[in-house]
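# Results of the structural survey
Spelled out, the chains give:
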Amino acid sequence: GEDVEQSLFLSVREGDSSVINCTYTDSSSTYLYWYKQEPGAGLQLLTYIFSNMDMKQDQRLTVLLNKKDKHLSLRIADTQTGDSAIYFCAEQEGGATNKLIFGTGTLLAVQP
Amino acid sequence: EADIYQTPRYLVIGTGKKITLECSQTMGHDKMYWYQQDPGMELHLIHYSYGVNSTEKGDLSSESTVSRIRTEHFPLTLESARPSHTSQYLCASSDQGFEQYFGPGTRLTVT
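Before going into details, it helps to say that this report is about the structure given with it.

Criteria and cut-off values
- Per chain, residues are indexed from 1 in the order of the written sequence.
- Chains carry letters and ligands carry numbers; both start at the beginning, A for chains and 1 for ligands, and go up in the order they are written.
- Where local features are concerned, this predicted model is filtered to residues with pLDDT of at least 70; where side-chain atom pairs are given and counted, the filter is 80 or more; whole-chain, interface and lining totals use all residues.
- Think of the side-chain values as coming from all heavy atoms in the structure, minus any hydrogens and water.
- Helical segments are the DSSP runs of H or I of at least four residues, strand segments are the runs of E of at least two, and each set is numbered from the N terminus.
- Partly exposed residues are those whose accessible area sits between 20% and 50% of the maximum for their type, while under 20% is buried and over 50% is exposed, using a 1.4 Å probe and protein chains only.
- Only heavy atoms matter for contacts: two residues are in contact if any of them lie within 4.5 Å across the pair.
- Any two rings among Phe, Tyr and Trp, with Trp reduced to its six-membered ring, count as a pair given centres within 6.5 Å; such a pair is stacked if its planes are under 30 degrees apart, edge-to-face if over 60, and tilted if neither.
- Strand pairing requires that DSSP identify at least two bridges connecting the strands.
- Each of two parts loses accessible area, computed with a 1.4 Å probe, when they are put together; buried area is these two losses added.
- Within this document, salt bridges are pairs made up of a side-chain nitrogen of Lys or Arg and a carboxyl oxygen of Asp or Glu, the two lying within 4 Å of each other.
- Counting rule for disulfides: a pair of cysteine sulfur atoms within 2.5 Å.

## Focus: the side chain of serine 73 of chain A
Residue and element names in this part refer to chain A. Structurally, serine 73 can be placed in strand 8 (residues 71-76). Look at serine 73 and you get buried, because its relative accessible area is 7%. Once residues within four sequence positions are removed from consideration, serine 73 is found in contact with Val19, Ile20, Asn21, Trp34, Thr62, Val63 and Leu64.

Take a look at the structure:
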């Protein structure tokens, strides 16, 4: 079945760039997503990329997609303490359900 | 901003009790979902619905049940709560597009 994997923890200093990596298995996924979860809250969609794109930039966020290696990354420029959260990548299953397969989540800790 | 609500936000209950976790959305979305999130952070889909009177089991087997009598309402019920049901439960909805909007979650503790 589909499997989405991420490293569990990343620590960076404020002002540095953060890069969170994700690997997925379903080559038929049409959309891939990055969600952010702050403590005690639900998930918030940060950005997404369509499977025929290689890169998408949205303000401080850059998403890179390597379809050959099934590798997705999220780069956060000028990381702030408010960026501290858990980041989930997700792939969308093919078909009409809009079902998402989530990664294990990466806890980003930003040190002041 | 997404209008999807979950109640209660926190629930501590004894073993054997029947509980219902509420989820409501005011966006008129057809598709709704329940996820279970373990303390280790990973989310697993346990139920979903295409629309009224449609419910399907998700990828993770769950002893809970759901119903979808109205578009805006997708409650999840546990007939007899057990400590193994302790988890965070997240509800989400989506329309014909791709984005799933998440509620704030219910943190359930069964003692």
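## Describing the packing of aromatic side chains
Residues and elements named next belong to chain A. With the rule as written, the count across this model stands at 12 aromatic pairs over all chains. Taken together, a centroid distance of 5.0 Å and an interplanar angle of 50° make the contact between tyrosine 31 and phenylalanine 50 tilted. Of this pair, tyrosine 31 sits in strand 4 (residues 31-37) while phenylalanine 50 is found in strand 5 (residues 43-50), placing the two residues 19 residues apart along the sequence. With relative accessibility at 21%, the residue tyrosine 31 sits in the partly exposed group. In this structure phenylalanine 50 comes out as partly exposed when scored by relative accessible area, which is 30%.

## Re the sheet that holds strand 6 (residues 55-58) of chain A
Residues and elements named next belong to chain A. The 5 strands are arranged 1-3-8-7-6 in an open sheet whose pairing can be described as antiparallel. Sheet topology places strand 1 (5-6) and strand 6 at the edges, where each strand pairs with a single neighbour. As paired elements, strand 3 (residues 18-23) and strand 8 share 6 bridges and run antiparallel to each other. Pairing of isoleucine 20 across the sheet is with leucine 74, part of strand 8.

## Brief notes about the interface of chain B and chain A
Chain B puts 24 residues into the contact, and the matching count from chain A is 24 residues. Here chain B meets chain A over a buried area of about 1900 Å², counting both sides, of which 57% is carbon and sulfur. Our count for the chain B to chain A interface comes out at 1 salt bridge. Taking the shortest distance from any N to any O, the salt bridge between aspartate 59 of chain B and lysine 99 of chain A comes out at 3.2 Å.

## Brief notes about the state of the cysteines
This model, assessed by the stated rule, comprises 2 disulfides over all chains. Sulfur-sulfur distance for the disulfide between cysteine 22 of chain A and cysteine 89 of chain A comes to 1.9 Å. On the sign convention where negative means left-handed, the S-S torsion of about 70° between cysteine 22 of chain A and cysteine 89 of chain A marks this disulfide as right-handed. Note that cysteine 22 of chain A is positioned in strand 3 and cysteine 89 of chain A in strand 9 (residues 85-92), a separation of 67 residues in sequence. Using a relative accessible area of 2% as the deciding quantity, one classes cysteine 22 of chain A as buried. Classification of cysteine 89 of chain A as buried rests on a relative accessible area of 1%. With a sulfur-sulfur separation of 1.9 Å, cysteine 23 of chain B is cross-linked through a disulfide to cysteine 91 of chain B. One disulfide, between cysteine 23 of chain B and cysteine 91 of chain B, carries an S-S torsion of -75° and so falls in the left-handed class. One end of the pair, cysteine 23 of chain B, is in strand 3 (residues 19-25); the other, cysteine 91 of chain B, is in strand 9 (residues 87-94), with 68 residues separating them in the sequence. No difference in accessibility class separates cysteine 23 of chain B from cysteine 91 of chain B, as the two residues are buried.

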